[in-house]
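What the coordinates show
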Amino acid sequence: GQQTVTILYFAAASTATGLSSESIIIPSSREPFRLSSLASLLEARHPDTYLGTVLKGSQWSVDAEMVDDPTEVILKGGEEIAIICPVSGG
């Protein structure tokens, strides 16, 4: 079966995509799908937006836990992934 993850968009990411959330099918391959690969997947889904720029400055959380190193996180499907935009100012 296909593995899907739920992406939650906040702040600038939500503005860029016009969405608050979406479900994404993880590409099936022999290689584990890493969280670090997700940004380019999302950019490809929203090509005419500035989402890529937003993602470069954002942090990820998976199932409400902040991720330090996206290359170490393997997505298996069923996760809820939030894009945490830096809050400007302060």
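Everything in this summary refers to the structure shown in the same document. Fair warning: this is a prediction, and the values are worked out from it, not measured in the lab.

To continue, consider the pairing of strand β1 (residues 4-9). With five bridges joining them, β1 and strand β2 (residues 21-25) adopt antiparallel strand pairing. Within the sheet, the bridge partner assigned to threonine 4 lies in β2 and is isoleucine 25. Here β1 pairs with strand β7 (residues 80-84) via four bridges, running parallel. Residue pairing in the sheet places tyrosine 9 in a bridge with isoleucine 83 of β7.

Membership of the largest hydrophobic core comes to 22 residues, with the highest contact counts inside it found for Ile7, Leu35, Leu38, Leu42, Trp60, Ile81 and Ile83. Going through the elements one at a time, β1, α1 (11-17), α2 (38-45), α3 (51-56), β4 (59-62) and β7 are the ones with two or more residues in this core. Among residues more than four places away in sequence, those in contact with leucine 42 are Ile7, Tyr9, Glu22, Ile24, Leu51, Leu55, Trp60 and Ile83.

Take the environment of threonine 6 next. Tracing the backbone shows threonine 6 in strand β1. When the C-alpha atoms of threonine 6 and isoleucine 25 are compared, they prove to be 9.0 Å apart, with 19 residues separating the residues in sequence. Setting aside residues up to four positions removed in sequence, threonine 6 forms contacts with Glu22, Ser23, Glu79, Glu80 and Ile81.

The subject of this paragraph is the environment of serine 61. Tracing the backbone through its elements, the reader meets serine 61 in strand β4. With 53 residues separating them along the chain, serine 61 and leucine 8 place their C-alpha atoms 9.5 Å apart. Beyond its immediate chain neighbours, meaning those up to four positions away, serine 61 contacts Met66, Val67, Glu80, Ile81, Ala82 and Ile84.

Let us now look at the pairing of β4. Here four bridges tie β4 to β7, and the two strands are oriented antiparallel to one another. From the neighbouring strand, tryptophan 60 faces β7, where its bridge partner is isoleucine 83. One ladder, built from two bridges, connects β4 with strand β5 (residues 65-66); its direction is antiparallel. By the bridge assignment for β5, valine 62 is matched with glutamate 65.

The next thing to look at is the pattern of salt bridges. Side chains that differ in sign of charge can pair as their charged atoms come close. Considering all chains together, one arrives at one salt bridge under this definition. The closest approach of N and O atoms between arginine 45 and glutamate 22, which form a salt bridge, is 3.0 Å. You can see arginine 45 sitting in helix α2 and its partner glutamate 22 sitting in strand β2, a full 23 residues away along the chain. Taking relative accessible area as the criterion, glutamate 22 reaches 11% and is therefore assigned buried.

The rules behind these values
- Residues numbered from 1 in each chain as written.
- Predicted model: local features only at pLDDT ≥ 70, side-chain atom pairs only at ≥ 80, totals over all residues.
- Heavy atoms only, no water.
- Pairing = 2+ DSSP bridges.
- Helix = DSSP H or I, 4+ residues; strand = E, 2+ residues; numbered from the N terminus.
- Core = buried A, V, L, I, M, F, W, Y, C linked by side-chain atoms within 4.5 Å.
- Buried < 20%, exposed > 50% of the residue type's maximum accessible area, 1.4 Å probe, protein only.
- Contact = heavy atoms within 4.5 Å.
- Salt bridge = Lys/Arg side-chain N within 4 Å of Asp/Glu carboxyl O.

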